[in-house]
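# What the coordinates show
Each chain, letter by letter, is given below.
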Amino acid sequence: MLILLPPSEGKTPATGGDAVEPASLSFPGLNGHRAKVLEALGTVSAHEDALALLGVGTSLKADVERNTRLHAEPAAPAHQVYSGVLYDALDYRSLTSVQRKKADASVLVISALWGAIRFADRVPAYRLSMGTALPDVGRLASFWKPQLAAALAAETAGGLLVDCRSSTYAAAWAPPPEQTVAVHVFTEVNGVRKVVSHFAKHTRGELARHLLARRGKSPETPAQLRKAAAEKWSVELVDGTARKPHALNIILPN
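What counts, and where the lines are drawn
Residues numbered from 1 in each chain as written. Predicted model: local features only at pLDDT ≥ 70, side-chain atom pairs only at ≥ 80, totals over all residues. Heavy atoms only, no water. Core = buried A, V, L, I, M, F, W, Y, C linked by side-chain atoms within 4.5 Å. Buried < 20%, exposed > 50% of the residue type's maximum accessible area, 1.4 Å probe, protein only. Helix = DSSP H or I, 4+ residues; strand = E, 2+ residues; numbered from the N terminus. Contact = heavy atoms within 4.5 Å. Pairing = 2+ DSSP bridges. Arc of directions from axis to C-beta. Phe/Tyr/Trp six-rings, centres within 6.5 Å; stacked < 30°, edge-to-face > 60°. Lys NZ or Arg CZ within 6 Å of the ring centre and 35° of its normal. Axes fitted to C-alpha atoms, helices over the stretch in contact; angles between N-to-C directions. Parallel < 35°, antiparallel > 145°, perpendicular 65-115°, else oblique. Left-handed = near helix turned anticlockwise from the far one by under 90°. Nonpolar A, V, L, I, M, F, W, Y, C, P; charged D, E, K, R; others polar.

A word on the nonpolar core. A general tendency of soluble globular proteins is for nonpolar side chains to be buried together. By size, the foremost hydrophobic cluster in this structure holds 79 residues, and its most contacted members are L128, L134 and L207. The element best represented in this core is helix 7 (residues 140-156), accounting for 6 residues. Residues in contact with L128, not counting those within four places in the same chain, are V37, L41, L54, A112, L113, L134, L140 and Y169.

Right under this line is the structure:
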């Protein structure tokens, strides 16, 4: 089982330590592409219109300025750098040592800057969304799609993929639909369902934690995933097609 997560938009900068060592990151075949995005991001972030080009507001000026010196910024494990609703719900720090090892092996973060990394990979805090277009790179989802397909093919062959990514990050890589289950979260009132984005992030983080912390074997099939999720939530499994992944719908009480 692999759990696919988006990064958080907000990130917690490391307070000290060495800078990122690209050669030490998971999936080294992506390093040339990472270098290209890193260079383009630094160039854009130094531009006088950097905030507009990156689609962020003035409150994030310091984050954008940090983008210009990512080669020198201190790095920390990804599970410390990524923060926000989903990561707070997953709460890596409170996992046991055995559960942390499982998280380090089972979680893949699909990143606009790094392509794909694991929780133990050391990275600096940065500001970049998968929906951004960079000079000489283009739209990042389109840039990464063929690179991730090649780099992750062996890693994901045959196993269950629990896809907790948002649509923006799902656009960067479409894993084999027959082994993928996309996680959706709804509330339901009088038979009418409504997507809830904030609680969707929280619930996906809770699901990831549940799968990492529960006893017993990890789910190996969509049906087993449905059974595991049903230990905590009202759920339904919608079968996929040749082109569309399975869907695990989690229904929250109103």
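With that settled, the discussion passes to the pairing of strand 1 (residues 2-5). A two-sided burial pattern is seen for strand 1, the buried positions comprising L2 and L4 on one face and I3 and L5 on the other. For strand 1 and strand 3 (residues 107-111), the ladder comprises 3 bridges, and the chain directions are parallel. Across the sheet, residue L4 finds its bridge partner in strand 3, namely L108.

Looking now at the pairing of strand 4 (residues 115-118). Two strands pair when backbone bridges link them, and strand 3 and strand 4 are joined in this way by 4 bridges, in the antiparallel orientation. Within the sheet, the bridge partner assigned to S111 lies in strand 4 and is G115. Joining the antiparallel neighbours strand 3 and strand 4 is a turn of 3 residues.

Quick look at helix 6 (residues 97-106) now. Among all positions in helix 6, only Q99, A103 and S106 are buried. Down the axis of helix 6, the buried set is contained in an arc of 80 degrees. They therefore lie on one face. When the buried face of helix 6 is taken as reference, the exposed residues oriented beyond 90 degrees from it are S97, V98 and K101. Those residues of helix 6 that are buried are in contact with strand 1, strand 3 and helix 9 (197-213).

Counted under the stated rule, the structure contains 6 aromatic pairs. When the ring of Y92 is compared with that of F119, the centres are 5.6 Å apart and the planes differ by 85 degrees; the resulting orientation is edge-to-face. Here Y92 is found in the loop between helix 5 (85-90) and helix 6, whereas its partner F119 is found in the loop between strand 4 and strand 5 (122-123), with 27 residues between them in sequence. Grouping residues by exposure puts Y92 and F119 together as buried. A cation sits over an aromatic face here: K11 above Y126, 4.3 Å from the ring centre. Positioned above the aromatic ring of F186, the side-chain terminus of R193 is 5.8 Å from the ring centre.

Along the polypeptide, R66 turns up in helix 3 (residues 61-66). With a relative accessible area of 13%, R66 lands in the buried category. Residues in contact with R66, not counting those within four places in the same chain, are P13, E73 and A125.

Relative to each other, helix 6 and helix 9 sit at 120 degrees, their axes nearing to 9 Å. It follows that helix 6 is oblique to helix 9 by the angle criterion. When the axes of helix 6 and helix 9 are compared, the crossing they make is right-handed. Side by side, helix 6 and helix 9 meet where Q99, K102, A103 and S106 of the first sit next to L211, L212 and A213 of the second. For the contact of helix 6 with helix 9, the residue count by class is 4 nonpolar, 2 polar and 1 charged.

Turning next to the packing of helix 1 (residues 31-45) against helix 7. In contact at an axis separation of 11 Å, helix 1 and helix 7 are set at 170 degrees when each is read in the N-to-C sense. Overall, the two elements helix 1 and helix 7 adopt an arrangement that is roughly antiparallel. The residues of helix 7 that touch helix 1, namely those facing H33, R34, K36 and V37, are L140, F143, W144 and Q147. Of the residues belonging to the contact of helix 1 with helix 7, the class tally is 4 nonpolar, 2 polar and 2 charged.

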